[in-house]
Structures are given as C-alpha cells and as structure tokens.
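Architecture and fold: a report
Residues per chain are reported as follows:
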Amino acid sequence: MLKDITLGQYFPDDTPIHRLDPRTKLILTVVYIAALFMVGSVGGYVLTALWLAAAAHVSHIKPKALFKGLRPLIFLMVFTAIINLFFTSGEDYLLHWRFIKITYTGLKNAVVMVVRVMLLVSGTFMLTYTTSPLSITDGLERLLSPLKKLHVPVYELSLMMSIALRFIPTLIEETDRIMSAQKARGADLETGSLVERAKALLPLLIPLFVSAFRRADELALAMECRCYNGGEGRTRMKQLRMERRDAVALLLGAALVAGVLVLGRLGL
C-alpha cells in the first residue's frame, strides 16, 4: 500500500506540459480545482475528466500511475460514499427497511463525492508528476511575491512546501524499510483487530520519527555548510518566462471553466 503513494514523485520528460512555466501549471491546478467545485451536471464531470485525460496523454503519464495514486485513498472514498448514502435525508426512497434508509439524493451525492475526490486527487498529482520540486518552489515564490510587501515570508513558505514534497517519497521508502525490518523480527502488522494493529504500529513510529528528524538535521547542516541563503539576493540558474504555449494553456483552462458553467446552466 505504501508503494502506491505517488504524491511528490516527479516523472521527468520533454513534453509540452513539462515545458510549461511552473506558474502556469500552478494557476491551472487552481483553475481545475475551482472548475471541479463549480460542476453542477453530469456533462461537467465528463468534461473535466476528458480535460484531465488529455493532459495526462500529452504529458505521457499513464492512467495506471493516476489510478495507483488513488489506491491509498480507497478507505476515504468508501467512507465518504457510505456517509452520503445512508445519512442524506430525502423523501425519494430507493430502500427503506427498518433503520436503513437510502434515498435517490443520497445515492447521487455518494457518486458525485467519490468522482469529485478521484478527479481532484488525480489533477493535483498531475502537478507533481510534471513539475520538479525546485520549479514548484520558484513558481510559487514568483506568484506570491506581491505578499512580500506585507512582510510575509514567501520564500521560506515556498521552500518548506518544496522540501515537504521532496521528502514524501523518501519517508514512504523509509517506512517500508522499517516495516520489513520489523516483520523480519517477528512483528505482526497485518492481522488482529484495528486496536491491535494500531498498537503494533508504535514500534514503527518511533524509528520513523527519529529517521525523519535525523534527515532534517542533516539537510539543515548541509545547507549551512554551503552558506545557503535564500530570499533577497538569490540568483536562479533558470529564469522563468511566460511563452506562447503558456498563454494557450491558460486559455484552455479558461475554456474548461466556461464549459463547466455552460453545461451547468443547460443542465446537461
């Protein structure tokens, strides 16, 4: 299960989406999320799914990679579906047996929420799949640069997010290694009740926290030894420049929002 978590992974390639300015991809991610929450019809979800599929195809991201990233969220999606299915009030009953009540509205909400979560997570993963952590840091810093006038530590916040994304695959790999070591010593992490399995994870959490703090200390020491100083006066090897393909991508994002709104108005 841990190996299915793909958040933070970057798949280098030379596709049109990989070559987009990171600021463009950050803006498109926000536009995509906003469009997803504006959807009010089946056609809107179909349009957003096609938009996401086209982006994955152009960036050479296989559907298997997107579905693999959804596996760790199966429990969350099932829980969300159950809550909406059994606890949504209404008069249009599909099933009414004793205390079990399933309405058409509840079924519709359950399907909509599961589809929305799947599209939301897959679209967010596309950002990290096609953009390196360093590029995300530079793009986020440039987008938030007006906040520097309000004395907001924009660069520090961007760097923290970049390091967090970079360390997610590393910590997942470390967790898998510790679990394998614990199993080799006779630890049982997969059987028993939920409480017993939670207690069995305690010997796993302590070495994981120790390893995470050690890696953070080593990273801080390495940055200090190299006289690293971000923010003011920092130069960049690659300068960010908006090009024609960025304008085309932003227009496609605007077209997605417009299409979702039109389909919602038409009820399609």
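Residues numbered from 1 in each chain as written. Predicted model: local features only at pLDDT ≥ 70, side-chain atom pairs only at ≥ 80, totals over all residues. Heavy atoms only, no water.

1. Comments concerning the overall build of the protein
Along the protein, the regular secondary structure elements total ten helices and two strands. Ordering the α and β elements of the protein from the N terminus gives α-α-α-α-β-β-α-α-α-α-α-α. Out of the 268 residues belonging to the protein, those deemed buried represent 34%. Counting only contacts in the protein whose residues sit at least 6 apart along the sequence, the fraction spanning at least 24 positions is 75%. Total accessible area on the protein is roughly 17,100 Å²; 67% of this is exposed by carbon and sulfur atoms. (Helix = DSSP H or I, 4+ residues; strand = E, 2+ residues; numbered from the N terminus. Buried < 20%, exposed > 50% of the residue type's maximum accessible area, 1.4 Å probe, protein only. Contact = heavy atoms within 4.5 Å. Areas by Shrake-Rupley, 256 points an atom, 1.4 Å probe, with all protein chains shown as cover.)

2. Details of helix α4 (residues 74–86)
Helix length check: α4, at 13 residues, gives a terminal C-alpha distance of 18 Å against a target of 18 Å (1.5 Å per residue), a fit within 8%. Regarding α4, the residues found buried are Met 77, Thr 80, Asn 84 and Leu 85. Buried residues along α4 cover an arc of 125° about the axis, so they all sit on one side. Of the surrounding elements, those touching the buried residues of α4 are α3 (63–70), β2 (100–103) and α5 (104–130). (Expected span 1.5 Å × (residues − 1). Arc of directions from axis to C-beta.)

3. Considering a nonpolar patch on the surface
On the surface, a nonpolar cluster with roughly 830 Å² of combined accessible area is contributed by Ile 74, Phe 75, Val 78, Phe 79, Ile 82, Ile 83, Phe 86 and Phe 87. Its relative accessible area of 37% is what places Ile 83 among the partly exposed residues. (Patch = residues over 30% accessible without salt bridge, like charges linked within 9 Å, V, L, I, M, F, W, Y side chains within 5 Å. Salt bridge = Lys/Arg side-chain N within 4 Å of Asp/Glu carboxyl O.)

4. Describing the environment of Gly 43
Relative to the assigned elements, Gly 43 resides in helix α2 (residues 42–58). With residues up to four places along the chain from it excluded, the contact list for Gly 43 reads Leu 263 and Leu 268.

5. Examining the environment of Gly 267
Looking at the secondary structure, you find Gly 267 in the segment after α10 (244–266). Placed 227 residues apart in sequence, Gly 267 and Gly 40 show a C-alpha to C-alpha distance of 7.6 Å.

6. Focus: the side chain of Thr 128
With respect to the helices and strands, the residue Thr 128 is situated in helix α5. Note on Thr 128: relative accessible area 6%, which makes it buried. Among the polar contacts listed, one links the side chain of Thr 128 to the backbone oxygen of Phe 125, at a separation of 3.0 Å. (Polar contact = N/O pair within 3.5 Å; in protein donor to acceptor, adjacent residues only side chain to side chain.)

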